[in-house]
There are 2 protein chains.
Amino acid sequence: MTYCVGLLLNEGMVLLSDTRTNAGFDNIAIYKKMFVFEDPGERVVAILTAGSLSVTQTTIARVKEAMHDPDATEETSILKAPTMLNVAEIIGNMLARVRLDIDEKLSAMKQSASASLIVAGQRKGGEMRMFLIYPEGNFIEATEDTPFLQIGEHKYGKPILDRVVKPETSLADAQKAVLLSMDSTLRSNLSVGMPLDLAVIERDACRISSRRRIEAGDDNFRAMSEAWSRALREGFTQIRI
Amino acid sequence: MTYCVGLLLNEGMVLLSDTRTNAGFDNIAIYKKMFVFEDPGERVVAILTAGSLSVTQTTIARVKEAMHDPDATEETSILKAPTMLNVAEIIGNMLARVRLDIDEKLSAMKQSASASLIVAGQRKGGEMRMFLIYPEGNFIEATEDTPFLQIGEHKYGKPILDRVVKPETSLADAQKAVLLSMDSTLRSNLSVGMPLDLAVIERDACRISSRRRIEAGDDNFRAMSEAWSRALREGFTQIRI
């Protein structure tokens with residue numbers, strides 16, 4: 001399982017992913033689920049992945065291959081595509097093809113494989129945009145009304161986002177919100193696990209503004225998690241029914 | 001969809017259910033999902049239901065029929081069964097049979113129906129016990145380590161329970177906890193809806209100690225919900241990362 005979340009705010013975009021991958025309970029590994037492609041100052045594209053590792057790895061590998069192909073065109077490379085919508089289409093089509101390929105291989109075993117992605121980015125002169133790409137390659141987009149997108153184990157961490165995230169939320173508060181959202185998910189689902197990857201893309205920077213890996217023993221994360229538990233318990237104590 | 005939750009505490013048991021039933025988004029109705037059977041002072045059994053209404057209604061109807069049958073025996077009536085474990089077995093078997101019947105009817109349409117139940121109760125001289133009955137009729141039981149059971153849309157409301165519910169939680173705090181757990185669920189899933197049914201069974205009373213329907217406009221519930229939102233936002237504001 002996985003939990004990835006992206007916020008699209010007036011000041012920029014904030015992305016967070018976990019890194020736990022499991023094939024059964026006895027086969028657990030760490031794989032990053034956040035991939036960043038930049039032409040700094042010109043264009044930035046970040047991809048978060050959830051679902052079958054064979055689908056997501058192959059999709060990312062093909063996206064990279066197409067990008068580095070000397071014959072890459074506006075139709076095939078996410079660094080050349082004229083708009084972020086085109087970027088989402090290229091990645092969506094890639095995902096759909098890979099999924100169909102792998103599904104065909106698995107069909108003999110009556111199994112299937114699936115994956116979904118969050119694609120966030122901005123090109124110079126364009127708007128920041130963020131998409132959730134479904135396994136079939138179609139997608140939806142974050143908007144002012146719904147300024148966040150989640151993939152994977154999304155339910156435990158949604159109430160906090162519903163309550164505090166708005167387009168005008170600051171980037172500092174946004175980082176706090178996604179980390180607390182992840183904290184609730186980590187507590188409730190063992191198949192979501194540390195370390196975490198956190199990235200911030202400031203508006204119009206067209207590059208990754210900051211990126212950080214938060215390891216299992218991270219003191220700041222633990223302190224924040226404990227402070228939030230205390231705040232919840234104190235809030236609970238003060239409420240009268 | 002549905003959300004029902006039961007807490008098994010040292011001082012007693014607290015049960016909460018919503019009432020929304022839907023067959024598609026354009027067919028929404030109110031049905032109670034909490035059923036109480038008492039021989040006051042001797043025995044109390046409460047059943048919470050989630051899943052296909054045709055399965056749960058038929059199961060409850062057959063449980064009642066068996067109870068009122070003049071030939072009812074210890075093997076068939078939940079008011080005569082010697083232990084709460086036997087009560088859970090009777091209800092579990094009933095649920096499994098009804099589900100199989102209805103599944104057979106639906107198989108021609110390539111559809112299936114399913115349901116799960118929480119069964120909580122105590123007989124004079126016995127312990128309070130609480131079971132989660134799966135669609136197949138097998139069950140698990142609440143324990144000291146895991147003093148709560150949930151059916152239906154359980155994820156949104158689990159983080160608060162994980163943080164505040166312990167066997168030594170008071171019945172007043174327990175009611176607050178289940179109502180806040182429901183509040184998070186109501187906010188995030190439209191197919192869970194007011195009014196709510198809340199019941200408390202005090203230890204060794206062997207009867208329903210209090211029972212309350214909370215209607216959509218309930219002032220206390222709204223005040224509690226707003227106080228909780230405020231507490232969360234204030235807690236959020238105070239945390240530094």
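Residues numbered from 1 in each chain as written. Chains lettered and ligands numbered in written order. Predicted model: local features only at pLDDT ≥ 70, side-chain atom pairs only at ≥ 80, totals over all residues. Heavy atoms only, no water.

A. A look at the interface of chain A and chain B. Opposite the 34 residues of chain A that make contact, chain B presents 34 residues. Three residues, A:Arg163, A:Phe236 and A:Ile241, lead the burial of chain A against chain B; their summed loss comes to 28% of the area buried on that side. Here chain A is connected to chain B by four salt bridges. Joining chain A to chain B, the criterion identifies 14 residue pairs in polar contact (both at pLDDT 80 or more). At the level of secondary structure, the elements contributing two or more residues to the side of chain A that touches chain B comprise helix H3 (158-164), helix H4 (171-188) and helix H5 (219-238) of chain A. Top element by residues in the side of chain A that touches chain B is H4(A). It accounts for eleven residues. (Contact = heavy atoms within 4.5 Å. Buried area = accessible area lost by both parts, 1.4 Å probe. Salt bridge = Lys/Arg side-chain N within 4 Å of Asp/Glu carboxyl O. Polar contact = N/O pair within 3.5 Å; in protein donor to acceptor, adjacent residues only side chain to side chain. Helix = DSSP H or I, 4+ residues; strand = E, 2+ residues; numbered from the N terminus.)

B. Main features of the pairing of strand S8 (residues 129-133) of chain A. All names here are of chain A. A large share of S8 lies buried, amounting to four of its five residues. Bridge count between strand S7 (residues 115-123) and S8: five bridges; the pairing is antiparallel. Pairing of Ala 120 across the sheet is with Met 130, part of S8. Count of turn residues in the S8/strand S9 (residues 139-141) antiparallel hairpin: five residues, of which Gly 137 carries a positive phi of about 100°. (Buried < 20%, exposed > 50% of the residue type's maximum accessible area, 1.4 Å probe, protein only. Pairing = 2+ DSSP bridges.)

C. Structural context of the sheet that holds strand S8 (residues 129-133) of chain B. Residue and element names in this part refer to chain B. Strand order in this open sheet of five strands is S5-S6-S7-S8-S9, and the pairing throughout is antiparallel. Every other strand in the sheet has two partners, leaving strand S5 (34-39) and strand S9 (139-141) as the edge strands with one partner each. Between one strand axis and the next, the sheet turns through 20° on average, direction left out of account. For strand S6 (residues 43-51) and strand S7 (residues 115-123), the ladder comprises nine bridges, and the chain directions are antiparallel. Looking across to S7, one finds that Ala 50 is bridged to Ser 116. (Axes fitted to C-alpha atoms, helices over the stretch in contact; angles between N-to-C directions.)

D. Broad picture of the packing of aromatic side chains. Tallied over the entire structure, the rule returns two aromatic pairs over all chains. Ring geometry for B:Phe131 versus B:Phe139: centroids 5.3 Å apart, planes at 75°, classification edge-to-face. Between the NZ or CZ atom of A:Lys176 and the centre of the ring of B:Phe236, over which it lies, the distance is 4.6 Å. (Phe/Tyr/Trp six-rings, centres within 6.5 Å; stacked < 30°, edge-to-face > 60°. Lys NZ or Arg CZ within 6 Å of the ring centre and 35° of its normal.)

E. Geometry of the nonpolar core. Ranked by internal contacts, the top residues of the largest apolar core, which has 66 residues, are A:Leu7, A:Trp228, B:Leu7 and B:Trp228. Once you skip the residues sitting within four places of it in the chain, A:Trp228 turns out to touch A:Ile160, A:Leu180, A:Asp183, B:Arg163, B:Leu232, B:Gly235, B:Phe236 and B:Ile239. (Core = buried A, V, L, I, M, F, W, Y, C linked by side-chain atoms within 4.5 Å.)

F. Broad picture of the relation of the copies chain A and chain B. In screw terms, the move from chain A to chain B is a rotation of 180° and a rise of 0.0 Å along the axis, fitting with an RMSD of 0.0 Å. The symmetry that links the two subunits is that of a two-fold axis. Distance from the rotation axis, computed per C-alpha, reaches its smallest value in chain A at A:Tyr156: 2.6 Å. Of all interface residues in chain A, 100% are interface residues in chain B too; the two copies therefore contact each other through one and the same surface. (Least-squares fit on C-alpha atoms with pLDDT ≥ 70 in both.)

G. Quick look at the pattern of salt bridges. Inspection of the entire model under this criterion finds 27 salt bridges over all chains. A:Asp219 is the partner of A:Arg222 in a salt bridge, and the nearest nitrogen-oxygen pair spans 2.9 Å. Placement of the pair is A:Arg222 and A:Asp219 together in helix H5, with a separation of three residues, close to one helical turn. What makes A:Asp219 exposed here is its relative accessible area of 53%. In this structure, the salt-bridge partner of B:Glu127 is B:Arg203, at a minimum N-O distance of 3.4 Å. Of this pair, B:Glu127 sits in the loop between S7 and S8 while B:Arg203 sits in the loop between strand S11 (196-202) and strand S12 (210-214), and the two are 76 residues apart along the sequence. Residue classification places B:Arg203 among the partly exposed positions, given a relative accessible area of 37%.

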